[in-house]
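Coordinate inspection notes
Chain by chain, the residues:
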Amino acid sequence: EDQVTQSPEALRLQEGESSSLNCSYTVSGLRGLFWYRQDPGKGPEFLFTLYSAGEEKEKERLKATLTKKESFLHITAPKPEDSATYLCAVQVRASKIIFGSGTRLSIRP
Amino acid sequence: DTGVSQDPRHKITKRGQNVTFRCDPISEHNRLYWYRQTLGQGPEFLTYFQNEAQLEKSRLLSDRFSAERPKGSFSTLEIQRTEQGDSAMYLCASSLGEVSTDTQYFGPGTRLTVL
């Protein structure tokens, strides 16, 4: 069965303390892996699409990487405004993506 | 704003009532998706449209749920005889419909509370 697992469930960091979020997946055929950011009470905001193992993408303090079994979202020197839930999703066929449960990230000033 | 829009943003209803939500996708996108999200979970797929055709429905979509996308533009999701278990955030997303990897863009969601 196709599955996406994110860890940790929650992460509290001090401002400026870098860390990584993990997304591991078991799917029959990977068409793409997505990272979204979701603020409380709002819809997910698209961050990155990764297509193949070895690929990396960056945006401001965020960097996403992909291997054959997992993806990491690295956060460098985070700020309080980076606090949000980060969702990982995997596209398994043209019409369908499966989401993980997310990592709730909290950055203390 | 040229993003995905949803209306209403919040809906409070009593058990047994019918509710209808609307989604307006990004104008050039031909695929439209509906998801449900409960607290602490990621979005769960409900159904999707390619233009006006509803091509897939999740087993989560009971016979009390119906979705339409007339003329391939906006879409509506109706829940009949609402139950307390229907309380959730209902999210709409749209995409270009590319054959390989197809990035979905989400709207702000409609928060449903069934009393």
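Let me sum up the structure you'll find in this document. Every value quoted in this text rests on a predicted model; they were computed, and no experiment measured them.

To continue, consider the overall build of chain B. Helices and strands together make up the secondary structure of chain B, namely zero helices and 11 strands. Starting at the N terminus and walking to the C terminus, you meet the elements of chain B as β-β-β-β-β-β-β-β-β-β-β. The C-alpha atoms of chain B give 13 Å as radius of gyration, which agrees with the globular expectation for 115 residues (13 Å, within 12%). Principal-axis analysis of the C-alpha atoms places the extent of chain B at approximately 40 × 30 × 25 Å. Residues classed as buried in chain B amount to 49% of the 115 residues present. The long-range share in chain B, meaning contacts at least 24 apart out of those at least 6 apart in sequence, stands at 54%.

Moving on: the sheet that holds strand β3 (residues 19–26) of chain A. All names here are of chain A. Taking strand neighbours across the sheet as the criterion, the five strands line up as β1-β3-β8-β7-β6 in an open arrangement whose pairing is antiparallel. The strands lining the two open edges of the sheet, one partner per strand, are β1 (3–7) and β6 (56–59). For this sheet the average axis-to-axis angle between neighbouring strands, irrespective of direction, equals 15 degrees. The sheet contact formed by strand β7 (residues 62–66) and strand β8 (residues 70–75) spans five bridges and is antiparallel. Bridge pairing in β8 places Ala64 opposite Leu73.

Residues and elements named next belong to chain B. Tracing the sequence through the fold places Arg111 in strand β11 (residues 110–114). Spatially, the C-alpha atom of Arg111 lies 9.8 Å from that of Arg36, the residues being 75 residues apart in sequence. Apart from the residues lying within four places of it in its own chain, the contact partners of Arg111 are Arg9, His10, Lys11, Ala88 and Met89.

Before going further, it helps to spend a moment on the state of the cysteines. All chains considered together, the criterion is met by two disulfides over all chains. Cys23 of chain A shares a disulfide with Cys88 of chain A; S-S distance 2.0 Å. Judged by the sign of its S-S torsion, about -60 degrees, the cystine formed by Cys23 of chain A and Cys88 of chain A is left-handed. Note that Cys23 of chain A is positioned in strand β3 and Cys88 of chain A in strand β9 (residues 84–93), a separation of 65 residues in sequence. In this structure Cys23 of chain A comes out as buried when scored by relative accessible area, which is 0%. Since its relative accessible area comes to 0%, Cys88 of chain A is described here as buried. Residue pairing for Cys23 of chain B: its cysteine sulfur links by disulfide to Cys92 of chain B, the two sulfurs lying 1.8 Å apart.

Moving on to the sheet that holds strand β7 (residues 65–68) of chain B. Residues and elements named next belong to chain B. Here four strands make up an open sheet; going across it, the order is β1-β3-β8-β7 and the pairing antiparallel. Looking along the sheet, the strands with just one partner apiece sit at the ends: β1 (5–7) and β7. Recorded for the sheet is a direction-independent mean angle of 15 degrees between the axes of neighbouring strands.

What follows concerns the interface of chain A and chain B. Of the residues lining the interface, 22 residues belong to chain A; the matching set on chain B comes to 24 residues. Interface of chain A and chain B: buried area, both sides summed, is about 1,700 Å²; carbon and sulfur atoms make up 49% of it. Area buried by chain A at its contact with chain B is led by Pro44, Ser95 and Phe99 of chain A, which between them contribute 26% of it. Taken together, chain A and chain B are joined by zero salt bridges. Our enumeration of links across chain A and chain B arrives at five residue pairs in polar contact (both at pLDDT 80 or more). Elements with a minimum of two residues in the side of chain A that touches chain B: β4 (32–38), β5 (45–50), β9 and β10 (96–99) of chain A. In terms of residues, the side of chain A that touches chain B owes the most to one element, β4 of chain A, which gives four residues.

Bridge count for β1 of chain A against β3 of chain A is five bridges, and the pairing is antiparallel. Looking across to β3 of chain A, one finds that Thr5 of chain A is bridged to Ser24 of chain A.

Our next topic: the layout of surface pockets. In this model, the largest pocket occupies a volume close to 600 Å³. Taken together, 22 residues form the lining of the largest pocket, with Glu1, Asp2, Ile98 and Phe99 of chain A together with Glu44 of chain B sitting closest to its centre. Those elements giving two or more residues to the lining of the largest pocket turn out to be β1 and β10 of chain A together with β5 (44–50) and β6 (53–57) of chain B. Top element by residues in the lining of the largest pocket is β10 of chain A. It accounts for four residues. In terms of residue class, the lining of the largest pocket is built from seven nonpolar, seven polar and eight charged. If you add up the space inside the second largest pocket, you get close to 330 Å³.

Criteria and thresholds
Residues numbered from 1 in each chain as written. Chains lettered and ligands numbered in written order. Predicted model: local features only at pLDDT ≥ 70, side-chain atom pairs only at ≥ 80, totals over all residues. Heavy atoms only, no water. Helix = DSSP H or I, 4+ residues; strand = E, 2+ residues; numbered from the N terminus. Rg over C-alpha atoms; globule rule 2.2 N^0.38 Å. Buried < 20%, exposed > 50% of the residue type's maximum accessible area, 1.4 Å probe, protein only. Contact = heavy atoms within 4.5 Å. Pairing = 2+ DSSP bridges. Axes fitted to C-alpha atoms, helices over the stretch in contact; angles between N-to-C directions. Disulfide = S-S within 2.5 Å. Buried area = accessible area lost by both parts, 1.4 Å probe. Salt bridge = Lys/Arg side-chain N within 4 Å of Asp/Glu carboxyl O. Polar contact = N/O pair within 3.5 Å; in protein donor to acceptor, adjacent residues only side chain to side chain. 1 Å grid on protein atoms, 1.4 Å probe; cavity = no way out; pocket = protein on both sides within 12 Å on 5 of 7 lines; lining within 4 Å. Points joined across faces, edges and corners; volume = space filled by probe spheres on them. Nonpolar A, V, L, I, M, F, W, Y, C, P; charged D, E, K, R; others polar.

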